[in-house]
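# Close look at the chain arrangement
One letter stands for each residue in the lines below.
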Amino acid sequence: MRRLFHVLTALLLVLAMTACGSVTRFPGNNNVPGAAGTDESSEAAASAESKKTEEAVEENGEEEEEDEEDEEETEDGDEEDNGKAELTGELEYWSRDSEAKKKIEDFVNDVTDKDSGNYVPVEDRIAVFDLDGTIIGELYPSYFEYMMFIHRALYDEDYTAPSDMKKFAEALEKGIETGDMPKDNERLHAKYAGQAYAGMTIDELKEYTHEFMKTRADGFKRLTRGEAFYKPMVSLVNYLTANDFQCYIVSGSDRTVVRGIIKDKLPIPENRVIGMSYTMVATDQGYTDGLDYVYSDSDDVILGGDLIIKTIKMNKVSEIALEIGKTPILSFGNSSGDVSMAQYVINNDEYDSMAFMVLCDDLDREHGNKEKAESMKETCLERGFETISMRDDFETIYGGEVTIEPYTYKEVEDYDEEEEEDAA
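Residues numbered from 1 in each chain as written. Predicted model: local features only at pLDDT ≥ 70, side-chain atom pairs only at ≥ 80, totals over all residues. Heavy atoms only, no water.

## Quick word on the packing of aromatic side chains
The full count for this structure, using the stated rule, is twelve aromatic pairs. An angle of 45° between the planes, with centres 6.0 Å apart, marks the rings of Phe149 and Phe168 as tilted. Placement of the pair is Phe149 in helix H4 (residues 144–155) and Phe168 in helix H5 (residues 163–178), with a sequence separation of 19 residues. The class of Phe168 is buried, set by a relative accessible area of 6%. Ring geometry for Tyr230 and Phe394: centres 6.3 Å apart, planes at 55°, overall tilted. Placement of Tyr230 in the loop between strand S2 (220–221) and helix H8 (231–242) and of Phe394 in the loop between helix H13 (390–393) and strand S9 (403–404) is noted, with a sequence separation of 164 residues between them. (Phe/Tyr/Trp six-rings, centres within 6.5 Å; stacked < 30°, edge-to-face > 60°. Helix = DSSP H or I, 4+ residues; strand = E, 2+ residues; numbered from the N terminus. Buried < 20%, exposed > 50% of the residue type's maximum accessible area, 1.4 Å probe, protein only.)

Take a look at the structure:
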């Protein structure tokens, strides 16, 4: 377009100069063809220049049309390529000879093929995922939500924890370091975590989560907690979504916290996150029952802090039945807390289904545990679940630049990349 503008400007200038008789004269060279010594030569020069300009405009116009056609072809081609990529998807970061990858791809190709006897309509293509240890790390040095609760109760300068909550948080922190976890720690954490964030709005808890995601993942170099996503599993969620699966997170962690963790990380909308739930109340509701209180224009929704349900084990099945209303055809988990969900999925009597368990068997790129991995492998063999070996099936876990190191078991500050590089 700039070239066309310059050519048109030159044409207008020549026409204007011709009309006014003001063309350039060359002293002592009036007889040179095209010189402006006479009216005739001036007209000839202007005519020649005008012809050249018109030819240039015509040629440039053809070039512009060709350029526009090329751009349209490129854009169309890009759209076609993108559409194809979105339609077919691709499993990245998995080992080339991964058996788990092949089983997943074969299953997806089968249930999405309209000519297959195992075809599943789009509305019934549902996949459920655990979060900690399945999509994100749970070993830095413990669950994201456990570590954020410890930070809240013991190290947050803007919050003063009640004495009983603080006592439990101290025992939990020590248990994570020694392996001797407090008795009934799951129920107690569920109780106190709700209290720790009570009074926050939903957005405030999400923001608190986002800030904690910036902290360094203890036990790793060059990794923050917000970056601790298993790359092959993120690719799997993208792959299933591209093949018209509805992917849900079904986690034992707080629903709002999970929504904060996966925001902009996974193509899963907030209404497909199922997790541990607490009461929600209005800002000015106080202890008035929700059946008696009317939400006002000055109210906001805040966390009431009373536990409704801890979504692990059988509770995962109950919540899937309540909130989804259909039996999924794919399940992905990693622990005993996901066994009921996996069994529920392979019990699907309407469609072919599969359940996979991620084994924490990588001791080089992750703080794996051979005994736990072997125990889960035996469970899978007994129940007909498939396994995903982090060691054998993942080409990378967090990315090649991330390496493990001994745990510090200390409260860590925000991640500082330059400081970490200097230390390395």
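## Details of the side chain of Arg125
Within the element layout of this structure, Arg125 appears in the loop between helix H3 (99–111) and strand S1 (126–129). Arg125 gets classed as buried once you look at its relative accessible area, which sits at 4%. At 2.8 Å, the side chain of Arg125 and the backbone oxygen of Val120 are in polar contact. The residues touching Arg125, leaving out its near neighbours within four places in the chain, are Val111, Thr112, Tyr119, Val120, Asn243, Asp244, Phe245, Gln246 and Ile329. (Polar contact = N/O pair within 3.5 Å; in protein donor to acceptor, adjacent residues only side chain to side chain. Contact = heavy atoms within 4.5 Å.)

## Points about the sheet that holds strand S8 (residues 386–389)
Reading across the sheet, the seven strands line up as S5-S4-S3-S1-S6-S7-S8 and stay open at both edges, with mixed pairing between neighbours. Each edge of the sheet is formed by a strand with only one pairing partner; in this case those strands are strand S5 (301–309) and S8. Within the sheet, the average angular offset between the axes of one strand and its neighbour, ignoring direction, is 35°. Pairing of strand S7 (residues 354–359) with S8, which is carried by four bridges, proceeds in the parallel orientation. Within S8, the residue paired with Val358 across the bridge is Ile388. Where helix H6 (residues 185–196) meets the sheet, it contacts strand S4 (273–282) and S5, and its direction lies at approximately 45° from that of S4. (Pairing = 2+ DSSP bridges. Axes fitted to C-alpha atoms, helices over the stretch in contact; angles between N-to-C directions.)

## Here's the deal with unusual backbone geometry
The amide bond that connects Tyr140 to the next residue, Pro141, takes the cis arrangement and shows omega of -15°. By secondary structure assignment, the location of Pro141 is in the loop between S1 and H4. Phi at Asp244 is positive, roughly 65°, even though this residue is not glycine. Here Asp244 lies in the loop between H8 and strand S3 (246–254).

## Brief notes about the confidence of the model for the protein
Across the protein, pLDDT averages 85, with 76% of residues at or above 70. Ranking the elements of the protein by mean pLDDT puts helix H2 (residues 39–88) last, at 44, and strand S6 (residues 330–333) first, at 99. Between residues 63–88, whose pLDDT stays under 50, and residues either more than four places distant or in other chains, the model counts eleven contacts. (pLDDT = per-residue confidence, 0-100.)

## Quick look at the side chain of Arg152
Looking at where Arg152 falls in the secondary structure, it is placed in helix H4. Among the polar contacts made by the side chain of Arg152, one reaches the side chain of Asp156 at a distance of 3.0 Å. With near-sequence residues (within four places) excluded, Arg152 lies in contact with Tyr159, Ala196, Tyr197, Met200 and Tyr208.

## Observations concerning the nonpolar core
Grouped together as the largest cluster of nonpolar side chains are 76 residues, with contacts concentrated most on Phe129, Phe149, Met233 and Leu240. Per-element tally for this core: the top contributor is H4, with seven residues. Look past the residues within four positions of Phe129 in its chain and what remains in contact with it is Ile135, Met233, Leu236, Val237, Leu240, Cys247, Tyr248, Ile249, Val250, Phe332 and Met341. (Core = buried A, V, L, I, M, F, W, Y, C linked by side-chain atoms within 4.5 Å.)

## A closer look at the environment of Glu170
As for its position among the elements, Glu170 is in helix H5. Sequence separation between Glu170 and Ile150 is 20 residues, and the spatial gap between their C-alpha atoms is 7.6 Å.

## Description of the environment of Asp110
Secondary-structure assignment places Asp110 in helix H3. Note on Asp110: relative accessible area 27%, which makes it partly exposed. Distance in space between the C-alpha atoms of Asp110 and Val120 is 8.7 Å, their sequence separation being ten residues. Contact partners of Asp110, with chain neighbours within four places excluded, come to Ser116, Asn118 and Tyr119.

## Some thoughts on the pairing of S6
The alternating pattern of S6 places Leu330 and Phe332 on one face and Ser331 and Gly333 on the opposite face, and all of these are buried. Sheet topology note: the S1/S6 ladder contains three bridges and is parallel. Opposite Ala127, over in S6, you have Leu330 as the bridge partner. Where S6 and S7 come together, four bridges link them in parallel fashion. Bridge pairing in S7 places Phe332 opposite Phe356. Each parallel crossover has a hand, and the one from S6 via helix H11 (residues 339–346) to S7 is right-handed. (Right-handed = clockwise from strand over helix to strand, strands pointing away.)

## Examining the packing of H3 against H8
Following both chains from N to C, one finds H3 and H8 inclined at 15°, their axes separated by 11 Å at the closest point. Classified by the angle their axes make, H3 and H8 are roughly parallel. Here H3 runs over H8; the crossing is right-handed. Facing H3, whose interface residues are Ile104, Glu105, Val108 and Asn109, H8 presents Leu236, Tyr239 and Leu240. (Parallel < 35°, antiparallel > 145°, perpendicular 65-115°, else oblique. Left-handed = near helix turned anticlockwise from the far one by under 90°.)

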